[in-house]
Each structure stands twice: as structure tokens, then as C-alpha cells.
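Fold and contact review
Listed here are the chains, written in short residue letters.
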Amino acid sequence: MANIKSQIKRIKTNEKARLRNKSVGSSIKTAVRKFRDAVTTGDSAVITTELRTASKALDVAVQKGVLHKNSAANKKSSMAKAAAKASAR
């Protein structure tokens, strides 16, 4: 444990930020998992709603600074490709 008062404060704030980031990251993973499950089922209506939900979760993560914008863009792009491929079947 740190002895310096400012460092003790930083440890507390870092822990709060870590828990917030963990929550946002968990919601991203859940949304992407639901999208992948929808793609395996093949229902186009469900795929589009889950794609929209996952994209929104990724955008929120970028706004909060959890994900880099290019990382989110890559994930959204790959999900859009998967959705297009699934709906073409």
C-alpha cells in the first residue's frame, strides 16, 4: 500500500474506473455474443436488432474510453459482414 496521500487517492479512483470499465466491457461481450447466437439461428429480424444493439454498446464503450474507436469500428464492420452473409442465405 502506498504511503503518499495523493497516491492513495489515485488508487481509489483507479479502482472505481476499473469497475466501470469492467461493466461496460461485460455489456459489450454480452451484446456481441447475442449477435453471434442470432447469426447461428439465421432469423434476419433478430440479427438486425442484435446488430443494432451490439453496435450501440460498442459506441458507448468508445464514448466512455473503454475501447479505441478503430477497434470498435473493426468489430462493427465484421459483425455487419456476418449479418449480410447470414441474410444472403
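Refer to the structure presented above.
Values in this document were obtained by computation on a predicted structure and should not be read as measured data.

1. A word on the overall build of the chain
Regarding its fold elements, the chain presents three helices and zero strands. Starting at the N terminus and ending at the C terminus, the chain contains elements arranged as α-α-α. Here the C-alpha radius of gyration of the chain, 18 Å, is well above what a compact globule of 89 residues would show, namely 12 Å. Its C-alpha atoms give the chain principal-axis dimensions of about 60 × 20 × 15 Å. A total of 89 residues make up the chain; the buried ones form 22% of that total. Relative to all contacts within the chain whose residues are 6 or more apart in sequence, the contacts with residues 24 or more apart total 48%. About 6,600 Å² of surface is accessible on the chain, with carbon and sulfur atoms providing 54% of the total. Distance between charge centroids for the chain: 11 Å, based on 21 positive and 5 negative side chains.

2. Topic: the environment of Ser27
With respect to the helices and strands, the residue Ser27 is situated in helix H1 (residues 5-41). Taking the C-alpha atoms as reference points, Ser27 and His68, 41 residues apart in sequence, are found 16 Å from one another.

3. Notes on the nonpolar core
Core analysis: the largest hydrophobic core is formed by 17 residues, its most contacted members being Ile28, Phe35, Ile47 and Met79. It is H1 that contributes the most residues to this core, seven residues altogether. Setting aside chain neighbours within four positions, we find Phe35 in contact with Ile47, Glu50, Leu51, Met79, Ala82 and Ala83.

Definitions and limits used
- Residues numbered from 1 in each chain as written.
- Predicted model: local features only at pLDDT ≥ 70, side-chain atom pairs only at ≥ 80, totals over all residues.
- Heavy atoms only, no water.
- Helix = DSSP H or I, 4+ residues; strand = E, 2+ residues; numbered from the N terminus.
- Rg over C-alpha atoms; globule rule 2.2 N^0.38 Å.
- Buried < 20%, exposed > 50% of the residue type's maximum accessible area, 1.4 Å probe, protein only.
- Contact = heavy atoms within 4.5 Å.
- Areas by Shrake-Rupley, 256 points an atom, 1.4 Å probe, with all protein chains shown as cover.
- Lys, Arg positive; Asp, Glu negative; His and termini not counted.
- Charge placed at Lys NZ, Arg CZ, Asp CG, Glu CD.
- Core = buried A, V, L, I, M, F, W, Y, C linked by side-chain atoms within 4.5 Å.

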